[in-house]
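For reference, the chains in residue letters:
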Amino acid sequence: MTNQAFVTIKNAAKSYGNLEVLKDINLTVERGQIVAIIGPSGSGKSTLLRAINELDPLTSGEVWLEDVQINKKLPFRQYEAHVNQVRQDIGMVFQHFNLFPHLTVRGNITLAPRMLKGLSEADANKLAEEQLAKVGLSEKIDEYPSRLSGGQKQRVAIARALAMKPKVMLFDEATSALDPELVEEVNQVMKQLAEEHMTMIIVTHEMDFAASVCDRVLFMDQGVVVEEGPPSVIFQNPKEERTRNFLRKHLSR
Amino acid sequence: MGLDFSVVPDYFGVLAMGAGWTIAITICAGLLSFFGGIVFAVIALYGHWALRLPVRAFAFLFMGTPLLLQLFLIYFGLIQIGIDLPAFVAGVIGLGLHFAVYNSELIQASILAVDKGQYEGARTLGLSRGQTLRRIVIPQAVRAVIPPMGNNMIALLKDSALVSVIGVMELTLAAQQAISRTYRPFEFYLAAAFCYYIVNLALEAGLRHLERRIAASR
């Protein structure tokens, strides 16, 4: 492991019964790097992303965040405590937002910092205001999620994750559920995070976005990383036949 | 013989007393069914199998047999094994447990209906299982469960008439007593029905108020 290694995945494998969804995957993400994972549906890219914060634990292999092994084998109670702790450092944004509908935008953002970091109400409110300003939704602080558009919901979900001051952000098809005209506002927020050198791992179907924002692109198919490299290589000059076939379908659209 | 409601006011005290007992038994059994329902639901969803199994058997028993029989068993049956409960207590236990089983089903369904994404959203932030349940899942389940559980409470109020058969002097038995003195069943049963209706209106208004308050905080 080099000094720069920030998120490290070693020999990751996962299977459901006889079905192997991840096969011996190795990935090192450096601090401040932005990595896109692309590939056809069912290729295992979301599963890999969800393995990083133990939402879908690996069958075998290791996941590290800096010098902490995330998927440590521990007795149940210790494991739970460990996972709850490391997840605070890993922000995640979902395709379907997963905002809490019974809480206001403010409540959504302040809940975890208050419960887990012991922030006072005033500090948590200040934090919520800062994060909302960052995603351009200051005026929505007292709205309930049901009053927001999809793009606004996703920006609140990003603000909620950022409020925990994570070391890395995971995006699981963050714009796939959005109407086309709402995609750009979420992409803007993600670009802004990129400029602030947030470490990000992004599962996406948007090749243009991946090409313009990411440092590296992984192409996955059938549970393996077929090819990886800088976007200029992957998108313009891929070596593998499978990558070319996939991109032909996606870039022509 | 025509209808003659003029005798009804003479028994106003008896009927009012009966209505009072009906309200008392509904409140006590309602509370028991509410908290019992929560306990049963938690055991059914999260309990150890050694607890879950007897609770399921118990639920099956209470849902598969008539409430009237259950009241007889608790009041007349338990005496034989040395448990001599006052009629009111036996009535509260019978009604309360019977509806607790139904409330438990509603609570379980409303907890299971909370989207998986809600758990993932909360756990990803670092919340523990318990914190996720308390702060995210249960508040949403409560909002979903109140309207159908309110219907159960209205059913409980009406079924409380059954405890008259074990001698609790509630509204139905009070009406019967007035009838035995006056031989005017139609008038007094109608008067009793009217009383149930009034109490039910009040209960429904209370439930609607509760639903509105919860909808407002959504």
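Remember, predicted model here, so these are calculated numbers, not experimental data. (Residues numbered from 1 in each chain as written. Chains lettered and ligands numbered in written order. Predicted model: local features only at pLDDT ≥ 70, side-chain atom pairs only at ≥ 80, totals over all residues. Heavy atoms only, no water.)

Right, let's talk about the overall build of chain B for a bit. Along chain B, the regular secondary structure elements total 8 helices and 0 strands. Across chain B, helices and strands are ordered from the amino to the carboxyl terminus as α-α-α-α-α-α-α-α. Expressed along its principal axes, the backbone C-alpha trace of chain B runs to roughly 75 × 45 × 20 Å. Scored against the burial criterion, the 218 residues of chain B give a buried share of 44%. The long-range share in chain B, meaning contacts at least 24 apart out of those at least 6 apart in sequence, stands at 77%. For chain B, the accessible area works out to roughly 11,400 Å², and carbon and sulfur atoms hold 70% of it. Put simply, chain B has 15 plus and 11 minus side-chain charges, and the middle of one group is 16 Å from the middle of the other. (Helix = DSSP H or I, 4+ residues; strand = E, 2+ residues; numbered from the N terminus. Buried < 20%, exposed > 50% of the residue type's maximum accessible area, 1.4 Å probe, protein only. Contact = heavy atoms within 4.5 Å. Areas by Shrake-Rupley, 256 points an atom, 1.4 Å probe, with all protein chains shown as cover. Lys, Arg positive; Asp, Glu negative; His and termini not counted. Charge placed at Lys NZ, Arg CZ, Asp CG, Glu CD.)

To describe two helices that pack against each other, one gives the angle between their axes and the distance between the axes. Residues and elements named next belong to chain B. In contact at an axis separation of 10 Å, helix H5 (residues 116-125) and helix H6 (residues 129-159) are set at 140° when each is read in the N-to-C sense. By the criterion of interaxial angle, the relationship of H5 to H6 is oblique. The hand of the H5/H6 crossing is right-handed. Packed against H5, whose contacting residues are Gln-118, Tyr-119, Ala-122 and Arg-123, the element H6 presents Arg-129, Thr-132, Ile-136, Val-137 and Gln-140 at the interface. In terms of residue class, the contact of H5 with H6 is built from 4 nonpolar, 3 polar and 2 charged. (Axes fitted to C-alpha atoms, helices over the stretch in contact; angles between N-to-C directions. Parallel < 35°, antiparallel > 145°, perpendicular 65-115°, else oblique. Left-handed = near helix turned anticlockwise from the far one by under 90°. Nonpolar A, V, L, I, M, F, W, Y, C, P; charged D, E, K, R; others polar.)

Before going further, it helps to spend a moment on the environment of Glu-181 of chain A. Looking at the element boundaries, Glu-181 of chain A is found in helix H6 (residues 180-195). Counting along the chain gives 30 residues from Glu-181 of chain A to Gly-151 of chain A, while the straight-line C-alpha distance between them is 8.9 Å.

Here we take up the nonpolar core. Residue and element names in this part refer to chain A. Counting 48 residues, the largest nonpolar core has Ile-38, Leu-132, Ile-158, Met-169, Phe-171, Met-200 and Ile-202 as the members making the most contacts within it. Looking at which element gives the most residues to this core, the answer is H6, with 7 residues. Dropping the residues within four chain positions of it, Ile-202 is found in contact with Ile-34, Val-35, Ala-36, Ile-37, Phe-171, Met-190, Phe-209 and Cys-214. Counting 29 residues, the second largest nonpolar core, distinct from the first, contains Leu-48, Ile-52, Val-168 and Ile-201. (Core = buried A, V, L, I, M, F, W, Y, C linked by side-chain atoms within 4.5 Å.)

All names here are of chain B. Between helix H1 (residues 12-46) and helix H7 (residues 171-182), the shortest axis-to-axis distance is 7 Å and the interhelical angle comes to 160°. One element, H1, and the other, H7, form an angle in the roughly antiparallel class. Helix-helix and strand crossings are classified by hand; for H1 and H7 the assignment is right-handed. Residues Val-14, Leu-15, Gly-18, Ala-19 and Thr-22 of H1 pack against Leu-171, Ala-174, Ala-175 and Gln-177 of H7. Of the residues in the contact of H1 with H7, the class split is 6 nonpolar, 3 polar and no charged.

So, about the sheet that holds strand E7 (residues 168-172) of chain A. Residue and element names in this part refer to chain A. Read across the open sheet, the 6 strands follow the order E6-E7-E8-E3-E9-E10; overall the sheet is mixed. At either margin of the open sheet sits one strand with a lone partner, and together these are strand E6 (90-93) and strand E10 (224-229). Here the strands of the sheet are splayed against their neighbours by 20° on average, with no regard to which way each runs. Bridge count between strand E3 (residues 34-38) and strand E8 (residues 199-203): 4 bridges; the pairing is parallel. Of the residues in E8, the one forming a bridge with Val-35 is Ile-201. Contacts from H6 reach E3, E7 and E8, with the element oriented near 145° to E8. (Pairing = 2+ DSSP bridges.)

With 21 residues of chain B in contact, the opposing surface of chain A contributes 25 residues. Buried area between chain B and chain A, summed over both chains or domains, comes out near 2,100 Å², and the portion from carbon and sulfur atoms is 57%. Taken together, chain B and chain A are joined by 3 salt bridges. One salt bridge in this structure joins Arg-129 of chain B and Glu-80 of chain A, with 3.1 Å as the shortest N-O distance. Across the chain B-chain A interface, the total number found is 8 residue pairs in polar contact (both at pLDDT 80 or more). Put simply, the parts of the chain that give the side of chain B that touches chain A at least two residues each are H5 and H6 of chain B. Ranked by residue count, the leading element in the side of chain B that touches chain A is H5 of chain B, at 8 residues. A breakdown of the residues in the side of chain B that touches chain A according to their chemical character gives 5 nonpolar, 9 polar and 7 charged. (Buried area = accessible area lost by both parts, 1.4 Å probe. Salt bridge = Lys/Arg side-chain N within 4 Å of Asp/Glu carboxyl O. Polar contact = N/O pair within 3.5 Å; in protein donor to acceptor, adjacent residues only side chain to side chain.)

Per the UniProt entry, the sites bearing "domain: ABC transporter" (unreviewed entry) are residues 7-247 of chain A in this numbering. Counting secondary structure, residues 7-247 of chain A comes out at 40% helix and 25% strand; the distance between its end C-alpha atoms is 27 Å. (UniProt positions renumbered as here; feature names shortened; annotations may be inferred.)

Residue and element names in this part refer to chain A. Most of strand E9 (residues 216-221) is tucked away: 6 of the 6 residues are buried. Residues Arg-216, Leu-218 and Met-220 point to one face of E9 and Val-217, Phe-219 and Asp-221 to the other, with burial holding for every one of them. Two strands pair when backbone bridges link them, and E3 and E9 are joined in this way by 4 bridges, in the parallel orientation. Across the sheet, residue Val-35 finds its bridge partner in E9, namely Arg-216.

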